[in-house]
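Listed below are the residues making up each chain.
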Protein chains: 2
Amino acid sequence: MERADAARNRAALLAAATELIRERGIDAVSIDDVAAAAGVGKGTVFRRFGDKAGLIQAVVDSTAASWHQVASLDVRTAGEFAGQLFDHVLASLPLVIAVERTSARSCEANFQLTVDRLARLVGSTFNAHALLAVLRGEQIAFLLDQGMTADEIRAGVISLADTLAAGV
Amino acid sequence: MERADAARNRAALLAAATELIRERGIDAVSIDDVAAAAGVGKGTVFRRFGDKAGLIQAVVDSTAASWHQVASLDVRTAGEFAGQLFDHVLASLPLVIAVERTSARSCEANFQLTVDRLARLVGSTFNAHALLAVLRGEQIAFLLDQGMTADEIRAGVISLADTLAAGV
DNA sequence: GTAGCAACCGGACCGACGGTCCGCTTATTG
DNA sequence: CAATAAGCGGACCGTCGGTCCGGTTGCTAC
């Protein structure tokens, strides 16, 4: 059982980290920042979450941006799936980018699940990974930066998914 | 005109950096390492190359891994182009990954050139970026890590490029 | 209530890294 | 050979992720 103060601190840290990353992006957020914003000492962060990657993973898992949420989407076509994935990523871009940059844990179980599911829809594991490469947070941020609109990207992703699925 | 000793140091630094990155990967190579390996002081590195990103850019530009080289490839079909790109990336994986991780300079002129050329072959700018996303060093390293062979990836890339081109 | 204990806390501390600075050295030129 | 500007090296700095430990506090058993 987790002590009451510990639970309070965990919640405060998650909230602080989420907000800071959302508004500044992971590169401009240090652990000290998060600890200060949550009103706790730095040691507490590491006690709770192990390391920076652990904190970010916990943040993402506590939001709609994790593969866990994605794995339970109900969906028929490749295009539909890709569209949903895109919406998930876009809604939490800074968080997704943060987790991409810090964790090797994309290899977790739920990610594999998503890959397999996608592979069935688009004909091959390679194509599944190709689609996911296009859906990476950094890729989408880059395209937005290039001046593409979210709608254009969304359409492109869906069209790509359907094109791949058509060859099956 | 660059002084003789300066030129010698530049060459030594490029050689040292190239070798170290190739054998250890960028994450395990610090500027101090490079300076020591080249037998010069740390200040010299920054005098010559400005910052770490500048050094890596210079390393890549001095090899076959840069967009500059790629832009001058002579090629007919999307698949052929993609295959050549893949070979370039694979041959210098650690270098490509290094430059991806450190520079915002992927937006340089030669990169744009490649995007435009590819866009003509595969029908849209979005599709061009999608292909390039799949050809990123980190993506390829990830797939290799997952157990795919280079040949499988190469085939997948070419097939993807041709599929996209077919829709034009 | 209170005593005892384990879990917890905070922040001083550490090593590594990218980057700066400046007094000394050296290649170059006339 | 003298003058000078370019170059050099490594001590130094600020920041960051991560560790450590002496003091504190929530919980439980009596």
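Predicted model, so just to flag it, every value in this text is computed and none were measured.

Colleague: Could you clarify how one ought to interpret the packing of helix α9 (residues 125-134) of chain B against helix α11 (residues 150-166) of chain B in this entry?
Modeller: Packed helix pairs are specified by the crossing angle of their axes together with the interaxial distance, meaning the distance between the axes. All names here are of chain B. Contact geometry of α9 with α11 gives a least axis separation of 11 Å together with a crossing angle of 175°. In terms of their interaxial angle, α9 and α11 are classed as roughly antiparallel. Contact residues: Asn-127, Leu-131 and Val-134 in α9; Val-157, Leu-160, Ala-161 and Leu-164 in α11. Here the residues of the contact of α9 with α11 sort into 6 nonpolar, 1 polar and no charged.

Colleague: Looking at this structure, how should I read the protein's contact with DNA strand C?
Modeller: Looking at DNA strand C, there are 21 residues lining it, with Asn9(A), Gly43(A), Thr44(A), Lys42(B) and Lys52(B) nearest. Looking at DNA strand C alone, sugar and phosphate atoms form 64% of those within 4 Å of the protein. Interatomic distance of 2.5 Å between a side-chain N/O atom of Asn9(A) and a phosphate oxygen of DNA strand C. Lys52(B) places a side-chain nitrogen or oxygen 2.6 Å from a phosphate oxygen of DNA strand C. Looking at the surface near DNA strand C, the elements with two or more residues in it are α1 (4-24) and α3 (42-49) of chain A together with α1 (4-24) and α3 (42-49) of chain B. Each residue belonging to the surface near DNA strand C can be placed in one class, and the counts come to 5 nonpolar, 6 polar and 10 charged.

Colleague: Which parts of the structure should I look at to understand the protein's contact with DNA strand D?
Modeller: Around DNA strand D, the surrounding shell holds 20 residues, and the nearest of these are Lys42(A), Lys52(A), Arg3(B), Asn9(B) and Gly41(B). Of all DNA strand D atoms lying within 4 Å of any protein atom, the proportion belonging to sugar or phosphate reaches 62%. Between DNA strand D and Arg3(B), the relevant distance is 2.7 Å, taken from a base nitrogen to a side-chain nitrogen or oxygen of the residue. Between DNA strand D and Gly43(B), the relevant distance is 3.3 Å, taken from a base oxygen to a main-chain nitrogen or oxygen of the residue. Breaking the surface near DNA strand D down by element, the ones donating at least two residues are α1 and α3 of chain A together with α1 and α3 of chain B. Sort the elements by how many residues they give to the surface near DNA strand D and α3(B) lands first, with 5 residues. Looking at side-chain class alone, the surface near DNA strand D contains 5 nonpolar, 5 polar and 10 charged residues.

Here is what the cut-offs are and how they apply
Residues numbered from 1 in each chain as written. Chains lettered and ligands numbered in written order. Predicted model: local features only at pLDDT ≥ 70, side-chain atom pairs only at ≥ 80, totals over all residues. Heavy atoms only, no water. Axes fitted to C-alpha atoms, helices over the stretch in contact; angles between N-to-C directions. Helix = DSSP H or I, 4+ residues; strand = E, 2+ residues; numbered from the N terminus. Parallel < 35°, antiparallel > 145°, perpendicular 65-115°, else oblique. Contact = heavy atoms within 4.5 Å. Nonpolar A, V, L, I, M, F, W, Y, C, P; charged D, E, K, R; others polar. Near = heavy atom within 4 Å. Polar contact = N/O pair within 3.5 Å; in protein donor to acceptor, adjacent residues only side chain to side chain.

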